[in-house]
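In case you want the letters, here they are:
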There are 2 protein chains.
Amino acid sequence: MTEAVSNIHLAALHFPVYNKVGEIVVSSITTLDVHDISRICRTYGLGSLYFVTPLKSQHKLVEDIMRHWRDGRGAQYNPTRKEALKHTCVKNLLPEVIQDIETRFGEAPKCVVTDAKKFDQGVGYGEMRQIMKSGGQYLLLFGTGWGLEKSIVETADYILDPIEGADGFNHLPVRGAVAIILDRLLGNFSG
Amino acid sequence: MTEAVSNIHLAALHFPVYNKVGEIVVSSITTLDVHDISRICRTYGLGSLYFVTPLKSQHKLVEDIMRHWRDGRGAQYNPTRKEALKHTCVKNLLPEVIQDIETRFGEAPKCVVTDAKKFDQGVGYGEMRQIMKSGGQYLLLFGTGWGLEKSIVETADYILDPIEGADGFNHLPVRGAVAIILDRLLGNFSG
C-alpha cells in the first residue's frame with residue numbers, strides 16, 4: 001500500500017510554457033487532463049493538485065468539470081471521480097500556488113522541476129525520494145505544451161533527471177510523465 | 001538510456017471488457033489514447049502496440065489518425081508523432097494479435113495481464129523484469145472500461161501485481177497504468 005503524502009503537491013503549468021516555435025504562450029487545459037492527472041495524484045496520495053493558467057475561461061472550464069463530478073450528477077454516477085478531484089483546484093500563476101501552500105501548511109514548498117534535458121545539477125529519483133522523506137513541503141512542477149519557461153527551471157530548488165526513452169526518444173505526454181515520476185518518487189513496490 | 005525491447009508488445013483491449021454494471025461490452029477508443037499509448041510504448045522501445053476492437057468504424061478511426069500523422073500533413077507538422085505511431089496497428093480480437101506476433105517473430109508470446117485485484121499467483125515487477133530478460137516474446141494486456149473479461153485474466157501466463165494506491169484507491173486511467181507498468185518493467189533509472 002502506498003502511503004498518502006500530504007506534504008507533496010503538484011502543479012500542472014499551462015503558463016508560462018513554450019509553443020512549437022519557442023514562443024512563451026498559455027497552453028490549453030484539456031478536460032481529460034483534469035481527470036487523468038487528478039486520478040494519478042490521488043493514487044499516490046498527494047496533498048494538492050493545481051492547474052495553473054491566467055485565462056478566466058479556463059478557470060471556468062476546470063470549475064465546471066469539478067462541480068459536475070464533485071457536487072452534481074457525476075458525484076452519484078462515479079464516486080471515484082469525486083474522490084479523485086477532492087484536492088484539485090485552479091490558480092492564475094505559480095507564485096499564487098506557492099503562497100497557497102505556505103498559507104495552508106505554514107511553510108513555502110521547495111520547487112522540484114522536471115525537464116526533457118539533463119542538467120549538471122540534476123537530481124536522481126532515488127536521491128529525491130530520500131530528500132522528500134526528510135520533511136517539509138514539496139511542489140512538483142510539470143510544464144505542458146513544449147515545456148516550462150526556462151527561468152522557472154533555472155530557479156527551482158531541484159531539477160529531476162529526465163526520463164530517458166529508447167534511442168533518445170523523449171516525447172512523453174504530460175499525463176504519462178506525471179504517472180512515471182510519481183511512481184519513481186512515491187511508488188511502493190518490490191523490485 | 002532505455003534500450004529498445006522489440007520482443008515486448010502491448011495490446012490495449014477494447015473488447016472483451018466490462019462496463020460499469022459488469023456486462024461484457026466493446027469500449028470506445030479515444031483518439032488521445034492512440035497518441036498517448038503510442039508515445040509511451042515508443043519511449044520504452046516496444047516492438048508493437050495493438051489496439052483491439054471488433055468494430056469496423058473504430059478501425060477506420062485509428063487508421064485515419066495514423067494516416068494523418070504518418071503520411072499526411074501531420075508527418076511534417078510533428079515528426080515525433082510519426083515516429084511514435086510507427087509500431088501501432090489495430091486488430092479485431094486478441095487471438096489475431098497473438099497470431100500476428102507468432103507470424104512476425106516465429107513464436108507465440110507469453111501473455112502478461114494487469115488487474116486492479118491481487119491474485120494468489122500474482123507476479124511482482126522485479127520478478128517479471130527478470131523473466132522478460134530471459135528471452136522470448138511477451139504481450140502485455142491492458143483492459144479499458146471497467147477491466148478485462150475474467151477468462152482473459154485467468155488464462156494468461158502471468159498476472160502482474162496491482163498498482164496499489166494510497167488508502168486502497170485503484171482507479172488509474174489506462175494511460176497512467178501503461179506508463180507506470182512499462183517504467184517498472186523496463187525503465188532504466190537509479191534508485
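Summary of the structure given here. (Residues numbered from 1 in each chain as written. Chains lettered and ligands numbered in written order. Predicted model: local features only at pLDDT ≥ 70, side-chain atom pairs only at ≥ 80, totals over all residues. Heavy atoms only, no water.)

**Some thoughts on the overall build of chain A**
Scanning chain A from N- to C-terminus turns up eight helices and eight strands. Over its C-alpha trace chain A gives a radius of gyration of 16 Å, about what one expects of a compact globule, namely 16 Å for 191 residues. In terms of overall dimensions, chain A has a C-alpha envelope of 50 × 40 × 35 Å along the principal axes. Going through the 191 residues of chain A one by one, you find that 55% of them count as buried. Summed over its atoms, the accessible surface of chain A is roughly 8,400 Å², and 50% of this surface lies on carbon and sulfur atoms. Counting 21 positive and 22 negative side-chain charges, chain A places the centres of these two groups 8 Å from one another. (Helix = DSSP H or I, 4+ residues; strand = E, 2+ residues; numbered from the N terminus. Rg over C-alpha atoms; globule rule 2.2 N^0.38 Å. Buried < 20%, exposed > 50% of the residue type's maximum accessible area, 1.4 Å probe, protein only. Areas by Shrake-Rupley, 256 points an atom, 1.4 Å probe, with all protein chains shown as cover. Lys, Arg positive; Asp, Glu negative; His and termini not counted. Charge placed at Lys NZ, Arg CZ, Asp CG, Glu CD.)

**Considerations on the nonpolar core**
Of all hydrophobic cores here, the largest spans 81 residues; its most connected members are Leu10(A), Met128(A), Leu182(A), Leu10(B) and Leu182(B). Sequence-distant contacts of Leu182(A), that is, excluding residues within four places in its chain, are made with Leu10(A), Ile40(A), Cys41(A), Tyr44(A), Leu46(A), Leu140(A) and Gly187(A). (Core = buried A, V, L, I, M, F, W, Y, C linked by side-chain atoms within 4.5 Å. Contact = heavy atoms within 4.5 Å.)

**Notes on the interface of chain A and chain B**
For an interface, size is often stated in terms of accessible area lost upon the parts coming together. At the junction of the two partners, chain A supplies 42 residues and chain B supplies 42 residues. Across the chain A/chain B interface, buried area totals approximately 3,700 Å², and carbon plus sulfur atoms make up 59% of it. Across the chain A-chain B interface, the total number found is six salt bridges. Linking chain A to chain B there are 14 residue pairs in polar contact (both at pLDDT 80 or more). (Buried area = accessible area lost by both parts, 1.4 Å probe. Salt bridge = Lys/Arg side-chain N within 4 Å of Asp/Glu carboxyl O. Polar contact = N/O pair within 3.5 Å; in protein donor to acceptor, adjacent residues only side chain to side chain.)

By themselves, these observations are geometric and do not establish any function.
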